[in-house]
Amino acid sequence: MKNWIITNLTKLRYMTGFVSIALMVISISFICIRGLNWGLDFTGGVVSEIQMNSQITSSEIEPLMDAGFKQDVVAIAADEPGRWILRYSVPAKGETYPDITQVLDPLHAQVQVLNTSIVGPQVGAEMASQGGLALLVTMLCILGYLSYRFEWRLAAGALLALMHDVILAVGFFAMTQMEFNLTVLAAILAILGYSLNDSIVIADRIRELLIAKPKQDIEATNNEAIIATFSRTMVTSGTTLMTISSLWLLGGSSLQGFSIAMFIGVLTGTWSSISVGTLLPEFLGLKPDHYLPKPESQDP
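Quick caveat: nothing in here was measured; it's all calculated off a predicted structure.

### Brief notes about the nonpolar core
Membership of the largest hydrophobic core comes to 44 residues, with the highest contact counts inside it found for L146, L162, F180, I188 and I206. Looking at this core, the elements that each hand over two or more residues are α5 (121-149), α6 (152-176), α7 (182-212), α8 (218-250) and α9 (256-274). Of all the elements, α7 adds the most residues to this core, at 14 residues. With near-sequence residues (within four places) excluded, L162 lies in contact with M139, I142, L192, S195 and L196. Core analysis: the second largest hydrophobic core is formed by 18 residues, V46, Y88, V103 and V111 among them.

### Some thoughts on empty space enclosed by the protein
One pass over the full model with this rule turns up one cavity of 30 Å³ or more. In this structure, the largest cavity spans a volume of roughly 70 Å³. Elements that contribute at least two residues to the lining of the largest cavity include exactly α6, α7 and α10 (276-283). The leading source of residues in the lining of the largest cavity is α7, at four residues. Taken together, the residues of the lining of the largest cavity break down into five nonpolar, five polar and no charged.

### Quick look at the side chain of S27
Mapping S27 onto the fold places it in helix α1 (residues 2-33). S27 has contacts with I167, L168 and G171, leaving out every residue within four places of it along the chain.

### Some words on a nonpolar patch on the surface
A contiguous nonpolar surface patch, about 510 Å² in accessible area, is contributed by L12, M15, V19, L23, I26 and W271. Structurally, W271 can be placed in helix α9. You can call W271 partly exposed: its relative accessible area is 36%.

### Focus on the packing of α8 against α9
At a closest axis distance of 10 Å, the pairing of α8 and α9 adopts a crossing angle of 170°. Regarding the angle of α8 to α9, the classification is roughly antiparallel. Only Q256, F258, S259, I260, M262, F263, V266, L267, T270 and I274 of α9 make contact with α8, whose side of the interface consists of I226, F230, T233, M234, S237, T240, L241, I244, S245, L247 and W248. Looking at side-chain class alone, the contact of α8 with α9 contains 14 nonpolar, seven polar and no charged residues.

### Here's the deal with the packing of aromatic side chains
Evaluated as defined, the whole model comprises eight aromatic pairs. With centroids separated by 6.1 Å and ring planes inclined at 90°, the aromatic side chains of F173 and F180 adopt a geometry described as edge-to-face. No difference in accessibility class separates F173 from F180, as the two residues are buried. Ring geometry for W248 against F263: centres 5.7 Å apart, planes inclined by 65°, an arrangement best described as edge-to-face. You can see W248 sitting in helix α8 and its partner F263 sitting in helix α9, a full 15 residues away along the chain. A relative accessible area of 23% places F263 in the partly exposed class.

### Considering the packing of α6 against α9
Contact geometry for α6 and α9: axes closest at 9 Å, N-to-C directions at 145°. Crossing hand, α6 versus α9: right-handed. In contact with A161, H164, D165, L168, A169, F172 and F173 of α6, α9 contributes G257, I260, A261, I264, T268, G269, W271 and S272. The class makeup of the residues in the contact of α6 with α9 is nine nonpolar, five polar and one charged.

### Notes on the layout of surface pockets
Of the volumes computed, that of the largest pocket is approximately 620 Å³. D72, V74, E179, N181 and S253 are, among the 24 residues lining the largest pocket, the residues nearest its centre. If you list the elements that add at least two residues to the lining of the largest pocket, you get β1 (37-38), α2 (40-43), α3 (58-69), β3 (74-77) and α9. The greatest single-element share of the lining of the largest pocket, amounting to three residues, is contributed by α2. In terms of residue class, the lining of the largest pocket is built from six nonpolar, 12 polar and six charged. Looking at the second largest pocket, its volume works out to about 310 Å³. Lining the second largest pocket we find 18 residues, and of these G132, L135, V166, I167 and V170 sit closest to its centre. For the lining of the second largest pocket, the secondary structure elements donating two or more residues are α1, α5, α6 and α7. The class makeup of the residues in the lining of the second largest pocket is 16 nonpolar, two polar and no charged.

What counts, and at which threshold
Residues numbered from 1 in each chain as written. Predicted model: local features only at pLDDT ≥ 70, side-chain atom pairs only at ≥ 80, totals over all residues. Heavy atoms only, no water. Core = buried A, V, L, I, M, F, W, Y, C linked by side-chain atoms within 4.5 Å. Buried < 20%, exposed > 50% of the residue type's maximum accessible area, 1.4 Å probe, protein only. Helix = DSSP H or I, 4+ residues; strand = E, 2+ residues; numbered from the N terminus. Contact = heavy atoms within 4.5 Å. 1 Å grid on protein atoms, 1.4 Å probe; cavity = no way out; pocket = protein on both sides within 12 Å on 5 of 7 lines; lining within 4 Å. Points joined across faces, edges and corners; volume = space filled by probe spheres on them. Nonpolar A, V, L, I, M, F, W, Y, C, P; charged D, E, K, R; others polar. Patch = residues over 30% accessible without salt bridge, like charges linked within 9 Å, V, L, I, M, F, W, Y side chains within 5 Å. Areas by Shrake-Rupley, 256 points an atom, 1.4 Å probe, with all protein chains shown as cover. Salt bridge = Lys/Arg side-chain N within 4 Å of Asp/Glu carboxyl O. Axes fitted to C-alpha atoms, helices over the stretch in contact; angles between N-to-C directions. Parallel < 35°, antiparallel > 145°, perpendicular 65-115°, else oblique. Phe/Tyr/Trp six-rings, centres within 6.5 Å; stacked < 30°, edge-to-face > 60°. Left-handed = near helix turned anticlockwise from the far one by under 90°.

Right, dumping it as structure tokens:
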């Protein structure tokens, strides 16, 4: 029975590995062809602060603003009750937007526009460059840590799993053209940490088995490591997905992008740690000899 499970788990890992590669190629294609729908944090736009009845919700404000301004307008609750921050793009040359008070007049909420400011594109470009630099530094730090903690073949598998998770999450936003803003970028960085945790747990178990059972095939060692950590991985991922789902359903539109990115990241992170993170070390020739102590040379 055990041999049957190990044999089928090996086939399943190979199959999911090829599926992961295909999904990465598709995601990269969408990113290159369609690009990302950058939010106002990166492109610049108009920010208006309004005061109105505190009982009005964003689900009442946004549909009216979307229809009046003919675009997706984001309404973010401010610190004070009844105060909202509206974010929308700069009007094209020769175009003007209707008055906000007239657009929101059906709410009968005595809307008062407190101030309106424009965020220039130069600020957005700076945010984009800083975000990209943060991702690059994060990946380099992770690579350095994994190379120090594990043998480079296991480190390469964990790093590929991290890249897999980020590419799939970003590819989803490129495919759906959902707004990519700073909250989504924060979710991408959080995905790196979550996926790294799963990869380290499995990689550490693989290293222990390579030392404890040096004569066992690497395929069987990887399968045994996955089986040993499977329940822990499922419990962690399940509880995390429950929390993210609650945030997605109850957090409102301002946290929707963050929640979706995290949901995708947790799913792909669990998937990639089991498939991608264990397949690449096999193909690179990971052996127990890489972790066994080297014999000391004897003087003649």
